[in-house]
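Structure assessment
Read off the chains here:
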Amino acid sequence: MPVLDKSNSVSGPSGTGGLMILISVFFFWGFVAASNTILIPVFREHFELSQWEAMFVDVAFYIAYTAGSLIYMVLSLVRKRDLINEIGYRNGIALGLFISALGTLLFYPAAQSSSFPLMLTGLFVVGLGFSLQQTAANPLAINLGDPKKGAQRLSLAGGINNIGTTIGPVLVSFAIFGALDPGAKLESLESVKGPYLILGAAFILVALFFKFSSLPDYPPAEAETGEQKQEGHVIRNPQVWMGMIAIFVYVGVEVATAANLPEFMKQKLGVPTEGVAPYVSLFWASLMIGRWTGAVGAMELKPVIKLILRFILPYAAFGIFLLVNFIGGADLTPFYYYFAVIPLVIFAEVLSKGSPARQLMIFSFLGISALLVGMLGSGMVSVYAFISVGLFCSTLWPCIFTLAIAGLGKKTNDASSFLIMMIMGGGWISLAQGSLADTNVGIQWSYFVGVGCFVYLLFYGFSARTILKQKGIDYESGTGSGH
């Protein structure tokens, strides 16, 4: 990765300070993505949509990542220079935030006119901004220090992301319905515009913060392996194109599992739309629980302290979920059973021994197991099984991203753009599952789509490890604990 201004390159303590600034933007990605899960049943009821039609909320949002990545690549080709390398990471993130702010403004006329297409357009523009932000932020986070611990830093950033995913459904549900209790009803679609206008204002404030922050524009140069110094497009690297598919199915299974949860609970347990927000919140909180567990590996602490934190932090994250929903007035009694599920992710993280490939395989296997329990079970057993998929999706993004861009040097930004493009899987996999749910297969067995996604992720973990070892890159040892 070229260093255009060496004064801005990072290492050591300055990298830690830069990371603390950088991860603030991860909050918004989680807040909006999780809040979409609340919009799906709201729009389905208001506009009288089928389940697959309601999934266009996710399609519009996630397809924007593909559109944004294509625009990024076209601009880079026209200018004959990588766009992020030209304007810098700090400016790239700020510009992305301004674009997302424009998208939130569309919620006002959309709500006024009760227009579903205009609502989708607003979500699409928000997603366009997120695409640019993610193209810049993910490789920057990985390279703000030792690349071997890049996945751990992304896990730490992901933990902040999941604070947003945890409180997003609760706050948006409260803003839309005016309450969180099961008796609350949607009075008017105009109640949707308030939270998104506030969100837009927050985007603008944070954009200005990034613009004038001390966050470095360019990470330190990364050496390329002999294999990657050869001529050829970055997508010819197996670790990259296979990683693109992995991002597609990972985001897909994560989003689809949550997006179809309200309909599953409505059909199988009789829970009304306005009563599912705490369960959706727990799904996204599960990602926070897993990421806080994995983030311990990025901390320079004694092994004993790390071991203790691995048990404390996941329950602290669960405590945040309980606190947020307690403040929101939700009944917490059904969620205490989840205490017994959390040790699974702690054990799995320790078992991974710091290897992103090994962790990808272990967590994918557990994700398959959770979905099978959910499909074969019934009642709250199935609900908690589907929710626990969030635990096992928690560290997959940093694992995939780290493996996919390992050792790419100056081609890192190109690879990052291709990977971000595949976030569209969140929309298409959701649509596939929603379409299957509308058939005789039914909502419960439609989760088999997610099983297929996890099977590929397990395969990618094994394949990427082999490919990187052949190129002289070994994350199996000396990486500490974590990802």
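Residues numbered from 1 in each chain as written. Predicted model: local features only at pLDDT ≥ 70, side-chain atom pairs only at ≥ 80, totals over all residues. Heavy atoms only, no water.

Structural notes on the overall build of the chain
Summing up its helical and strand segments, the chain has 23 helices and zero strands in all. Buried positions account for 63% of the 483 residues belonging to the chain. Across the chain, every contact between residues at least 6 apart in sequence was considered, and the portion connecting residues at least 24 apart equals 84%. Accessible surface for the chain amounts to roughly 17200 Å². Of this, 68% is attributable to carbon and sulfur atoms. (Helix = DSSP H or I, 4+ residues; strand = E, 2+ residues; numbered from the N terminus. Buried < 20%, exposed > 50% of the residue type's maximum accessible area, 1.4 Å probe, protein only. Contact = heavy atoms within 4.5 Å. Areas by Shrake-Rupley, 256 points an atom, 1.4 Å probe, with all protein chains shown as cover.)

Re helix H4 (residues 56–79)
An α-helical turn contains 3.6 residues, so any two residues separated by three or four positions project in the same direction. The end-to-end C-alpha distance of H4, which contains 24 residues, comes to 34 Å, matching closely the 34 Å that a straight helix rising 1.5 Å per residue would cover. Following H4 by one or two positions, Lys-80 adopts a phi angle in the positive range, close to 55°. (Expected span 1.5 Å × (residues − 1).)

Side note on the packing of helix H15 (residues 303–327) against helix H16 (residues 343–352)
Interhelical geometry of H15 versus H16 gives an angle of 140° and a closest axis separation of 10 Å. Comparing their axes, H16 and H15 come out oblique. In this structure, the crossing between H15 and H16 has a hand that is right-handed. Between H15 and H16, the contacting residues are Arg-310, Phe-311, Pro-314 and Tyr-315 on the first element and Pro-343, Ile-346, Glu-349 and Val-350 on the second. Among the residues forming the contact of H15 with H16, the class breakdown is six nonpolar, no polar and two charged. (Axes fitted to C-alpha atoms, helices over the stretch in contact; angles between N-to-C directions. Parallel < 35°, antiparallel > 145°, perpendicular 65-115°, else oblique. Left-handed = near helix turned anticlockwise from the far one by under 90°. Nonpolar A, V, L, I, M, F, W, Y, C, P; charged D, E, K, R; others polar.)

Concerning the nonpolar core
Counting 162 residues, the largest nonpolar core has Leu-22, Phe-43, Tyr-338 and Tyr-460 as the members making the most contacts within it. Here Phe-43 is in contact with Glu-48, Leu-49, Val-57, Phe-116, Met-119 and Leu-189, once residues within four sequence places are set aside. (Core = buried A, V, L, I, M, F, W, Y, C linked by side-chain atoms within 4.5 Å.)

What to know about the environment of Pro-334
Here Pro-334 lies in the loop between H15 and H16. Not counting residues within four places of it along the chain, the set of residues in contact with Pro-334 comprises Tyr-279 and Tyr-384.

Let's talk about the side chain of Ser-355
Assignment of secondary structure puts Ser-355 in the loop between H16 and helix H17 (356–376). Separated by 3.1 Å, the side chain of Ser-355 and the backbone nitrogen of Arg-358 make a polar contact. (Polar contact = N/O pair within 3.5 Å; in protein donor to acceptor, adjacent residues only side chain to side chain.)

Here's the deal with empty space enclosed by the protein
If a probe the size of a water molecule is rolled over the atoms, the empty space left behind becomes visible. Evaluated as defined, the whole model comprises five cavities of 30 Å³ or more. As for the largest cavity, its lining consists of 23 residues, and the residues nearest its centre are Gln-134, Asn-161, Glu-254, Arg-291 and Trp-397. Going through the elements one at a time, helix H2 (24–47), H4, helix H8 (116–143), helix H9 (150–177), helix H12 (238–259), helix H14 (277–295) and helix H19 (396–405) are the ones with two or more residues in the lining of the largest cavity. A class-by-class count of the residues in the lining of the largest cavity yields 15 nonpolar, six polar and two charged. By volume, the second largest cavity is sized at about 110 Å³. The wall of the second largest cavity is formed by Ile-40, Pro-41, Arg-44, Glu-45, Gln-51, Ala-259, Pro-262, Glu-263, Lys-266, Val-271, Pro-272 and Thr-273. Put simply, the parts of the chain that give the lining of the second largest cavity at least two residues each are H2 and helix H13 (261–269). When residues in the lining of the second largest cavity are grouped by element, the largest group, four residues, is from H2. (1 Å grid on protein atoms, 1.4 Å probe; cavity = no way out; pocket = protein on both sides within 12 Å on 5 of 7 lines; lining within 4 Å. Points joined across faces, edges and corners; volume = space filled by probe spheres on them.)

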